[in-house]
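Structural overview for review
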Amino acid sequence: GTGKFFVGGNWKCNGTKDSIKQLVSDLNSATLEPDVDVVVGPPFVYIDQVKSSLTDRIEIAAQNSWIGKGGAFTGEISAEQLKDIGCKWVILGHSERRHVIGENDEFIGKKAAYALGQNLGVIACIGELLEEREAGKTFDVCFKQLKAYADAVSSWDNIVIAYEPVWAIGTGKVASPEQAQEVHVAVRDWLAKNVSPEVASKTRIIYGGSVNAGNSAELAKKEDIDGFLVGGASLKGSDFATIINSVT
Ligand code: G3H
């Protein structure tokens, strides 16, 4: 793999004060491999609670951020505010924001550029729908999404790419290690050709989509899988710890 293994837990729109208190307590007492970057993404309203109770060993990501500076944008949260409450990362371009909320490539690229400018790390998500895979368009879709980031950002130093095939998200249908590896290699080649060989070799490409405590070790063996973005299984501290510790 490339660089340090990176495991993110995307809690999505889940949790209560009580359930998050329990999850934080489980994470605080878990034994985690030292050589892994670990990040959790609580819902906005619980970030402060998590920040004040979670071990510093684990960094915090927001699940979205506004495209620019704050102001009269009802319901939005700015990158400056995320920095202010102690976030180090933001997840952008997640399939649920693309396909449920309707965010497009250009909007996501601009959000990434703005967040990077505020010194947030960006977990930049890409991934194809089932119908796109079946039509043989997986690489085309991923490259188009990558290009939108590349067109907008001036540095890849604080970007982790998350490849999340939409058909694998929340479905229990994990990509095989070979399927994931094939796309990760293609993403790395795209970066080498379209950004630079240095960025291609340094940028971590993590996999997301039905990763769990039983399948993470096999996926982690693949050369170009540099970590995971975990949804459902990140809501259980012991399973998330097992996934973190599947680093090879
Ligand atoms: O961001 C995380 C992904 O959407 C994966 O979710 O592990 O529940 O399939 P999942």
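First things first, this report covers the structure right here in the doc.

Calculation criteria
Residues numbered from 1 in each chain as written. Predicted model: local features only at pLDDT ≥ 70, side-chain atom pairs only at ≥ 80, totals over all residues. Heavy atoms only, no water. Near = heavy atom within 4 Å. Polar contact = N/O pair within 3.5 Å; in protein donor to acceptor, adjacent residues only side chain to side chain. Areas by Shrake-Rupley, 256 points an atom, 1.4 Å probe, with all protein chains shown as cover. Nonpolar A, V, L, I, M, F, W, Y, C, P; charged D, E, K, R; others polar. Pairing = 2+ DSSP bridges. Helix = DSSP H or I, 4+ residues; strand = E, 2+ residues; numbered from the N terminus. Axes fitted to C-alpha atoms, helices over the stretch in contact; angles between N-to-C directions. Contact = heavy atoms within 4.5 Å.

The full set close to the ligand counts 13 residues, and Lys 12, His 94, Glu 164, Gly 170 and Ser 210 are the nearest of them. The contact in question runs from an oxygen atom of the ligand to an N or O atom on the backbone of Gly 231, over 2.8 Å. One of the backbone N or O atoms of Gly 232 is found 2.8 Å from an oxygen atom in the ligand. With the chains in place, 95% of the 300 Å² that the ligand exposes on its own is no longer accessible. In the shell around the ligand, the residues fall into 4 nonpolar, 7 polar and 2 charged.

So, on to the sheet that holds strand E3 (residues 59-62). Taken in spatial order, the 8 strands line up as E1-E2-E3-E4-E5-E6-E7-E8 and close into a barrel, and their pairing is parallel. Pairwise comparison of adjacent strand axes, ignoring direction, gives a mean angle of 25 degrees for this sheet. In the sheet, strand E2 (residues 36-41) pairs with E3 via 2 bridges, with the strands oriented parallel. Of the residues in E3, the one forming a bridge with Val 40 is Ile 60. Against the sheet, helix H7 (residues 138-152) contacts strand E4 (89-92), strand E5 (121-126) and strand E6 (159-163), and its axis sits at roughly 150 degrees relative to E5. Along the sheet, helix H11 (residues 237-244) makes contact with strand E1 (5-10), E2 and strand E8 (227-230), crossing E1 at roughly 160 degrees.

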